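# Tertiary structure, described
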Protein chains: 2
Amino acid sequence: MITIKEIAKLANASSSTVSRFLNDSGYVSDEARKRIEKVIRETGYIPSEHAKSLRTKQTKVIGVIVPRLSTDTSSRLVNAINDELAEHGYQIILANTNLSPAKEIENLKLLRSRQVDGIILLATNVNEELIREIRQLPIPLVALGQEIPGISFIVNDDYGAAKDMTELLITRGHKKIAFIGVPEQDRAVGYFRKKGFMDALQEKSISICNEWMAEANFDLSSGYEAMKTILQRTAQKPTAVFAVTDSIAIGAMHYLMEIECHIPKDMAVVGTGNSRVSQYIKPSLTTVDFSNEDMGRKAAKLLLHHIKETNGEPKKITMTYSIIKRDSV
Amino acid sequence: MITIKEIAKLANASSSTVSRFLNDSGYVSDEARKRIEKVIRETGYIPSEHAKSLRTKQTKVIGVIVPRLSTDTSSRLVNAINDELAEHGYQIILANTNLSPAKEIENLKLLRSRQVDGIILLATNVNEELIREIRQLPIPLVALGQEIPGISFIVNDDYGAAKDMTELLITRGHKKIAFIGVPEQDRAVGYFRKKGFMDALQEKSISICNEWMAEANFDLSSGYEAMKTILQRTAQKPTAVFAVTDSIAIGAMHYLMEIECHIPKDMAVVGTGNSRVSQYIKPSLTTVDFSNEDMGRKAAKLLLHHIKETNGEPKKITMTYSIIKRDSV
DNA sequence: TTGTAAGCGTTATCAC
DNA sequence: GTGATAACGCTTACAA
């Protein structure tokens, strides 16, 4: 590898002069400038970022931790984060937890060892150990999707969205509404969306039937099973179903179609998240859009802010959402 | 930041001993081992990868260049690449070109400056300059999706898949088949898929009607427009349409539905790529699956191989595909 | 079995 | 304006 020293020698200058030239710091005479420029062009010299970071303690790299990359939400977020960061000369180093909480912590360490300037964590399960690790992190971190006390985070208005969506269903005349959720460990999706749903019913004095409540994981097939469970165990069928994710909703729709239950005539279905599929399925799915694109860019900006102002107070941002009305209701 | 020297001091050892302990290289007495272990645990010491790479010339980081992250293909590939590399202790640094050829080259330089151990390039437009840049890269690179002479690449059997799919259409009795392609600069998708289509027709002595050929870009809406163009300019309507990507196919379907042309009765539609949506739309789309997952893992393995055997000959791998028969035919 | 010291490629300080 | 030189945190001969 060609180094700054060799460039210096070839250009008849010292490495300090070359460095000054490269970083636009301090004086370099026009003549020296020309010579150095020429040598660099001819040799195709590329400075080593490692040596640079070792000195400057700055890497211009941001770590991004995601549960899985191959979901709509993750890929949209990462894309947006990357776009925004690239504009500021930063790059992304990816860490995938494959949904394992242990790996979340491991990745935190890994990224730290790479001296990333900051971390964006797309959180799923927030546990004590994770919070402890984050707290003692010497670099800024922004969490996405889940509230983490004491640190900056950006979340969706899961509660509001679920409540609004449920109210939409009620407005359309539904009183018997089923619910397919996920475990409440996932505060955002499991707890808040459920709470929004329940509160909406409560406020309208509509009773909640336990037989109509089921729990799925994030898979399409689990949505299918949950819908099946609900319909098989109850005599009195609901007329609508609220699913906390689009995948679950689509799974549920598959079961409904299988038993020839017409959507939305016999059963209205709503999802959450506005996945790319949701608009192409038949009937197209009524869902809520969380503008991941916007969230990603905001996360990047917030992180950059924290990198500049190391003493900045933690910020809490709640994103807005919009209900997308389609044909499944 | 706490350094190896401080650990050494606290553990009453020298930094070399600590280093030996850390890397399991050379002798460390049990006693020293215990002391060091304790200090590291207590201090939460994490070695600096930068200093390490500066010395060892190894970063355990792989650069991955993608055109866009938010497409099915990219996100699946990156996910698979990441999984495979993570198993070998490597991490990924992402570079997004946002479809700009200039950025492809720029990113190559950027990654080089980060001294990545290797690069995986999800190529779209292969031009002279890009090839030149790649050739003079001092680190191994594996290209995905496009053939690049002289370097290792993994491609889909675009030609075979298109031909097979067209033959399927012919087998089903279609003789008037329309085609929606993309510009041929994209050799894989634009040129080879078109060639496969044409050759299949030629072999069965089926005439190709220019009025039924249209060009789209990769957007859904361009598929819609292309379908419209074809049907509006021809008196004699085709009975089937081959689209070189699923997005284009879905766009075409949207137009067909709009004019109440029944799929597949009035018009059969096939796509390419097996996007996630393709199975959920109605009617579900007949398409070809390229097993991106497998391709990603293979790419990672191949790159790792080149990193080990720097003198390895360039390898050319062609992936197999499978036709997914669904309801749109 | 352990420690010393040189060196990786930069930048920053300071003297010229 | 420029150039020695030390330092960043680590590994690795080599000496002890």
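Numbering of residues starts from 1 in every chain and runs along the sequence as written. Numbering of ligands from 1 and lettering of chains from A proceed in the order in which they are written. Under the rules for a predicted model, residues below a pLDDT of 70 receive no local features and side-chain atom pairs below 80 are neither given nor counted, while totals for whole chains, interfaces and linings still include all residues. Processing note: side-chain calculations cover all non-hydrogen atoms of the structure and skip hydrogens and water entirely.

## What about the overall build of chain A?
The helix and strand inventory of chain A stands at twelve helices and twelve strands. The C-alpha radius of gyration of chain A comes to 26 Å, more than 25% above the 20 Å expected for a compact globule of 329 residues. Reported as C-alpha extents along the three principal axes, the dimensions of chain A are approximately 90 × 40 × 30 Å. Classification of residues uses two cut-offs on accessible area relative to the type maximum, computed with a 1.4 Å probe and protein chains only: under 20% is buried, over 50% is exposed, and between them is partly exposed. Evaluated residue by residue, chain A yields a buried proportion of 54% over its 329 residues. Contacts were defined at the residue level, with two residues in contact if any of their heavy atoms lie within 4.5 Å. The contacts of chain A with a sequence gap of at least 6 include a subset with a gap of at least 24, amounting to 69%. Entry remark: accessible area of chain A is about 14,800 Å², with carbon and sulfur atoms responsible for 49%. Side chains of chain A give 43 positive and 40 negative charges; the mean places of these two sets differ by 4 Å. Comment: elements are numbered from the N terminus, with helices defined as DSSP H or I runs of at least four residues and strands as E runs of at least two. When we talk radius of gyration, it's over C-alpha atoms, and the globule rule is simply 2.2 Å times the number of residues to the 0.38. Each accessible area is a Shrake-Rupley result for a 1.4 Å probe, and residues are judged covered by the shown protein chains and nothing else. Asp and Glu count as negative and Lys and Arg as positive, but His and the ends of the chain are not part of the count. A single reference atom marks each charge: NZ on Lys, CZ on Arg, CG on Asp, CD on Glu.

## A short note on the sheet that holds strand β7 (residues 213–215) of chain B
Residue and element names in this part refer to chain B. Strand pairing is defined by DSSP finding a minimum of two bridges between the two strands. Read across the sheet, four strands follow the order β7-β6-β8-β9 without closing on themselves; strand pairing throughout is parallel. Taken across any chain shown, the strands that pair with only one partner, and hence form the sheet edges, are β7 and β9 (268–270). On average, adjacent strands in this sheet sit at an angle of 15° to one another, irrespective of strand direction. Between the N-to-C directions of two axes lies an angle of 0 to 180 degrees, each axis being a line fitted to C-alpha atoms and, for a helix, fitted only over the stretch in contact. Along the sheet, helix α8 (residues 158–171) makes contact with β6 (177–181), β8 (240–243) and β9, crossing β8 at roughly 170°.

## Re the protein's contact with DNA strand C
Around DNA strand C, 25 residues are found, and the nearest of them are A:Ile4, A:Arg55, B:Ser16, B:Ser29 and B:Arg55. We call a residue near a molecule or strand as soon as one heavy atom of that residue lies within 4 Å of the molecule or strand. Of all DNA strand C atoms lying within 4 Å of any protein atom, the proportion belonging to sugar or phosphate reaches 60%. A distance of 2.7 Å is found between a phosphate oxygen of DNA strand C and a backbone nitrogen or oxygen belonging to A:Ile4. Here B:Arg20 contributes a side-chain N or O atom positioned 2.7 Å from a base nitrogen of DNA strand C. Elements supplying a minimum of two residues to the surface near DNA strand C: α2 (15–23) and α4 (49–56) of chain A together with α2 (15–23) and α4 (49–56) of chain B. Ranked by residue count, the leading element in the surface near DNA strand C is α4(A), at five residues. Residues are grouped as follows: Ala, Val, Leu, Ile, Met, Phe, Trp, Tyr, Cys and Pro are nonpolar; Asp, Glu, Lys and Arg are charged; every other residue, Gly included, is polar. Its residues assigned to classes, the surface near DNA strand C comprises ten nonpolar, ten polar and five charged. Under the rule applied, a polar contact is a pair of N or O atoms within 3.5 Å (in protein, one hydrogen donor and one hydrogen acceptor; residues adjacent in sequence only if both atoms are side-chain atoms).

## Some details on the protein's contact with DNA strand D
In the vicinity of DNA strand D, 24 residues are found, and the nearest of them are A:Arg20, A:Ser29, B:Ile4, B:Tyr45 and B:Arg55. When the atoms of DNA strand D within 4 Å of the protein are grouped by moiety, sugar and phosphate amount to 65% of the total. Take A:Ser16: an N or O atom from its side chain is 2.8 Å from a base nitrogen of DNA strand D. Between DNA strand D and the protein, one listed contact pairs a phosphate oxygen with a side-chain N or O atom of A:Ser29 at 2.6 Å. The leading source of residues in the surface near DNA strand D is α4(B), at four residues. Partitioning the surface near DNA strand D into residue classes produces nine nonpolar, ten polar and five charged.

## Considerations on the nonpolar core
Of all hydrophobic cores here, the largest spans 100 residues; its most connected members are A:Ile180, A:Met227, A:Val269, B:Ile180, B:Met227 and B:Val269. Discounting residues that sit within four places of it in the chain, B:Val269 has contacts with B:Val241, B:Ala249, B:Met253, B:Leu256, B:Ile263, B:Leu285, B:Thr286, B:Ser328 and B:Val329. Residues grouped as a nonpolar core are buried Ala, Val, Leu, Ile, Met, Phe, Trp, Tyr and Cys residues, joined through side-chain atoms within 4.5 Å. By size, the runner-up hydrophobic cluster in this structure holds 48 residues, among which are A:Ile120, B:Tyr90, B:Leu303 and B:Leu304.

## Comments concerning the interface of chain A and chain B
Accessible area lost during the coming together of the parts is what is often quoted as the interface size. Contacts between the two partners involve 46 residues from chain A and, on the opposite side, 46 residues from chain B. Summing both sides of the interface, chain A and chain B together bury roughly 4,200 Å²; the carbon and sulfur share of this comes to 55%. Its largest share of buried area at the contact with chain B, chain A owes to A:His50, A:Gln91 and A:Tyr280, together 18% of the area lost on that side. Salt bridge criterion: a side-chain nitrogen from Lys or Arg within 4 Å of a carboxyl oxygen from Asp or Glu. Viewed at the interface, chain B and chain A are joined by four salt bridges. Residues B:Arg276 and A:Asp72 are paired through a salt bridge, measuring 3.6 Å at the closest nitrogen-oxygen approach. Two parts placed together each lose some accessible area under a 1.4 Å probe, and adding up what both lose gives the buried area.

## What to know about the relation of the copies chain A and chain B
Our superposition of the copies is a least-squares fit, built on the C-alpha atoms of residues whose pLDDT is at least 70 in both. For these two chains of identical sequence, chain A goes onto chain B by a turn of 180° and a shift of 0.1 Å along the axis, with RMSD 0.1 Å. With respect to symmetry, the two chain copies, as superposed, fit the operation of a two-fold axis. Comparing contact sets, 100% of the residues at the interface of chain A also lie at the interface in chain B, consistent with an isologous, same-surface contact.

## Some thoughts on the sheet that holds strand β3 (residues 118–122) of chain B
Backbone-to-backbone hydrogen bonds join strands into a sheet, with any given pair of strands oriented parallel or antiparallel. What the twelve strands build is an open sheet, ordered β11(A)-β5(A)-β4(A)-β3(A)-β1(A)-β2(A)-β2(B)-β1(B)-β3(B)-β4(B)-β5(B)-β11(B); its pairing is mixed. Unpaired on one side and paired on the other, β11 (316–319) of chain A together with β11 (316–319) of chain B mark the two borders of the sheet. The sheet shows a mean angle of 20° between the axes of neighbouring strands, direction not considered. In terms of strand pairing, strand β1 (residues 61–66) of chain B meets strand β2 (residues 91–96) of chain B through six bridges, oriented parallel. Looking at the pairing, B:Val61 lines up with B:Gln91 of β2(B).

## Quick word on the UniProt feature "domain: HTH lacI-type" (unreviewed entry) in chain A
UniProt positions are given in the numbering used here, feature names are shortened, and annotations may be inferred rather than shown by experiment. On the UniProt side, "domain: HTH lacI-type" (unreviewed entry) is annotated at positions that read residues 2–56 of chain A here. End C-alpha atoms of residues 2–56 of chain A are separated by 20 Å, and the span's content is 69% helix alongside 0% strand.

## What about the pairing of strand β4 (residues 141–144) of chain A?
All names here are of chain A. Neither face of β4 is open: one carries Leu141 and Ala143, the other Val142 and Leu144, and all of them are buried. By convention, orient the strands away from the viewer: a clockwise path from the first strand over the helix to the second makes the crossover right-handed. One crossover worth recording links strand β3 (residues 118–122) to the parallel β4 by way of helix α7 (residues 128–135), and it is right-handed. In terms of strand pairing, β4 meets strand β5 (residues 152–156) through three bridges, oriented parallel. The residue bridging Val142 from the neighbouring strand is Ser152, located in β5.

## Here we look at the packing of aromatic side chains
Residues and elements named next belong to chain A. We call Phe, Tyr and Trp rings a pair once their centres come within 6.5 Å, taking the six-membered ring for Trp, and we label the pair stacked below 30 degrees between planes, edge-to-face above 60, and tilted otherwise. Counted under the stated rule, the structure contains ten aromatic pairs over all chains. Following the ring pairs from residue to residue traces out a cluster consisting of Phe179, Phe197 and Phe242. The ring of Tyr191 carries the charged tip of Arg187 above its face, separated from the ring centre by 4.3 Å. A ring has a charge above it when a Lys NZ or an Arg CZ is no more than 6 Å from the ring centre and no more than 35 degrees off the ring normal.

## A look at the packing of α2(B) against helix α3 (residues 30–43) of chain B
Residue and element names in this part refer to chain B. For the pair α2 and α3, interaxial distance at closest approach is 10 Å and the crossing angle is 85°. Viewed along their axes, α2 and α3 adopt a mutual orientation that is roughly perpendicular. Facing α2, whose interface residues are Thr17, Val18, Phe21 and Leu22, α3 presents Ala32, Arg33, Ile36, Glu37 and Ile40. When the residues that make up the contact of α2 with α3 are grouped by side-chain class, the tally is six nonpolar, one polar and two charged. These descriptions rest on fixed angle ranges, namely under 35 degrees for roughly parallel, over 145 for roughly antiparallel, 65 to 115 for roughly perpendicular, and the rest for oblique.

## Some thoughts on α4(B)
Of all the residues in α4(B), the buried ones are B:Glu49, B:His50 and B:Ser53. Along the axis of α4(B), the buried residues cluster in a sector spanning 100°; they form a single face. Contact partners of the buried residues in α4(B): α4 and α6 (101–113) of chain A. In this structure B:Ser48 caps α4(B), since a side-chain oxygen of it lies 3.2 Å from the backbone nitrogen of B:His50. Working note: the arc is built from the helix axis to C-beta atom directions.

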